Amino acid sequence: MAMKLAFFVLLTISTSAFFSSALPNDVNWWCDKTPNPEPCKHFMSGKHQKYGLIMGKSDFRKVAVQLAMERALTAESHTKWLGQKCRNEKERAAWADCVSLYEDTILQLNQTLDPTTKCTDFDAQTWLSTALTNLETCHAGFMELNASDYMLPLMSNNVTKLISNTLAINNGSSSPVDSYKKGFPTWVKRGDRKLLQTAAPRPNIVVAQDGSGNYRTIKAAIDAAAKRSGSGRFVIRIKRGVYRENIEIDNKMKNIMLVGDGMKYTIITGSRSVGGGSTTFKSGTVIVTGSGFIARGITFRNTAGPQNHQAVALRSSSDLSVFYQCGFEGYQDTLYTHSQRQFYKECYIYGTVDFIFGNAAVVFQNCMIYGRRGMKGQQVTITAQGRTDSNQNTGISIQNSRIMAASDLKPVLSSFKTYLGRPWKQYSRTVFLKNYIDSLVDPAGWLEWDGNFALNTLYYGEYRNFGPGSSTSRRVKWRGYRVITNPNEASRFSVANFIAGRSWLPGTSVPFHSGL
């Protein structure tokens, strides 16, 4: 009898041990549900006391973000230490980008974890998407400057895989239910809507080259704004003039608004470029990272020219940023919609190669988009969307706009083919909804990036466009391309659903349409 009892106890223990490895509160069980289970298991092993018992998906999601944060902090420290290893200016330029990008990645992960942040699942997916985009941008800087052979292997880590895991866990938790109010997504607050719609909003600071304002340069005004107390809306009026400055509004400077005298009259211009030794990330004439940024009535210009390749007029990494009645002038890579949620209304955008690009969740409404004449042998590609993970909630949505040839391209249209876009990254996602498309666009519509790369995994869609270049009868036959016929599918890319516009745009006073 004693032997039977001992056998029963042993069998019970063995059976319990067997099933415990498959129970939902076991780390390995949860790690196996992610795209990258091995680093998940490796870094979580033996840390049950630290992370506690995992009782469900929400527990595991929190633990996964905590783990990504810990490894990102380690990677940031290591990256800073690697600065002494840089052998030349190109490596140092790319390295400097990586340091700031890791700092911002930690900020995104931290606000996802912060219990005091009113963070929806959609917010979390946006910030996690940005964190992943930051690391991809770090890598890209070394590649585009041909400086990847030495430094990149020294920076190798698993942070990208761990963030990808958090995106997979969080994806599908909820979708925003949103709409527009007075022509703007509802995340634009009522007060900001009024500022955008008021003919002359009351400024906190005035910039004027003739000395009639508080400052003569925009940089001086930004420096003054950085010293303000609090983080409420701060309006800087920029009087007419051509301002030859490079401006950066960092992530500590929230809710800055720049108001010009109109895109024809207030112009900020620079000429940084990859050809001139900058990374694309740092080539912007104006760079904005601080959340809640608004610009109205200004042209952002980069004059480096097509021969200097990537040369950004404006780069926005600002969450909940709005650009109303602004101009963006450049050639290759004019407008870098790098990351986060962005909205562009009644803007004019000029360029040649990939001139609207990046990995934000961005909507353009009622804009004028002009292809320009580039270098001999170049093709005009309007978009190059950079989604690297199928769980990122990012993409480019262009609605109720006009796709036209600029005055320098019109006489030579037969020498320059124009395409709606090409896939910069594996899961590139772009849609054109109810736009006028002129005859400059090639019947194929879209262009390959490199052979068959991404043609099966991209998402390119067209819905109810019109005009001589809008026919879809001869469009590409890629698996990832579709002519959208279902309004419900098209509405996924509206301001309401794609950038949760109802929750933030009303405050900016910029008019928007929440649906299609």
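Cut-off values and rules
Residues numbered from 1 in each chain as written. Predicted model: local features only at pLDDT ≥ 70, side-chain atom pairs only at ≥ 80, totals over all residues. Heavy atoms only, no water. UniProt positions renumbered as here; feature names shortened; annotations may be inferred. Pairing = 2+ DSSP bridges. Helix = DSSP H or I, 4+ residues; strand = E, 2+ residues; numbered from the N terminus. Domains from an automatic or database assignment. Contact = heavy atoms within 4.5 Å. Buried area = accessible area lost by both parts, 1.4 Å probe. Salt bridge = Lys/Arg side-chain N within 4 Å of Asp/Glu carboxyl O. Polar contact = N/O pair within 3.5 Å; in protein donor to acceptor, adjacent residues only side chain to side chain. Disulfide = S-S within 2.5 Å. Buried < 20%, exposed > 50% of the residue type's maximum accessible area, 1.4 Å probe, protein only.

You'll find the protein entered in an unreviewed UniProt entry as Pectinesterase, with Artemisia annua given as the organism. Its UniProt record, at the heading Function (unreviewed entry), says of the protein: "Acts in the modification of cell walls via demethylesterification of cell wall pectin." What UniProt states about the protein under its Pathway (unreviewed entry) heading is, verbatim, "Glycan metabolism; pectin degradation; 2-dehydro-3-deoxy-D-gluconate from pectin: step 1/5."

Turning our attention to the sheet that holds strand 20 (residues 368-371). Pairing is parallel across the open sheet formed by eight strands, whose spatial order is 5-8-11-14-17-20-23-26. One side of each edge strand has no neighbouring strand; the edge strands of this open sheet are strand 5 (241-244) and strand 26 (436-437). Note that strand 20 and strand 23 (residues 402-405) share four bridges and pair parallel. By the bridge assignment for strand 23, Met368 is matched with Arg402.

Taken domain by domain, the protein comprises domain 1 (27-170) and domain 2 (191-508). Using C-alpha coordinates to define each centre, domain 1 is positioned 27 Å away from domain 2. Taken together, the 26 residues of domain 1 in the interface contact 27 residues of domain 2. Taking both partners together, domain 1 and domain 2 bury about 2000 Å²; carbon and sulfur atoms supply 51% of that area. Three residues stand out in domain 1 for area buried against domain 2, namely Asp97, Phe122 and Glu144, and they jointly supply 26% of the buried area on that side. Scanning the region where domain 1 abuts domain 2 turns up one salt bridge. Remark: the boundary between domain 1 and domain 2 carries 15 residue pairs in polar contact (both at pLDDT 80 or more). At the level of elements, helix 6 (89-113), helix 7 (121-144) and helix 9 (159-170) are the ones that each hand at least two residues to the side of domain 1 that touches domain 2. For the side of domain 1 that touches domain 2, the element with the most residues is helix 7, which contributes 14 residues.

Relative to strand 11 (residues 299-302), strand 8 (residues 266-270) runs parallel, the two sharing four bridges. When the bridges of strand 11 are listed, Ile267 appears paired with Thr299. Bridging between strand 11 and strand 14 (residues 327-329) involves three bridges; their strand directions are parallel. Within strand 14, the residue paired with Phe300 across the bridge is Phe328.

Take Thr79: it is sitting in helix 5 (residues 57-81). Setting aside chain neighbours within four positions, we find Thr79 in contact with Trp95, Cys98, Val99, Tyr102 and Met155.

One pass over the structure, following the stated rule, counts two disulfides. Paired through a disulfide, Cys31 and Cys40 show a sulfur-sulfur distance of 2.0 Å. Every disulfide takes its handedness from the sign of the S-S torsion; for Cys31 and Cys40 that torsion is -65 degrees, giving left-handed. The pair Cys31 / Cys40 is uniform in exposure class, with both members buried. Note on cysteine connectivity: Cys98 is disulfide-linked to Cys138, with sulfurs 2.1 Å apart. As the torsion about the S-S bond is roughly 95 degrees, the Cys98-Cys138 disulfide counts as right-handed. Of this pair, Cys98 sits in helix 6 while Cys138 sits in helix 7, placing them 40 residues apart in sequence.

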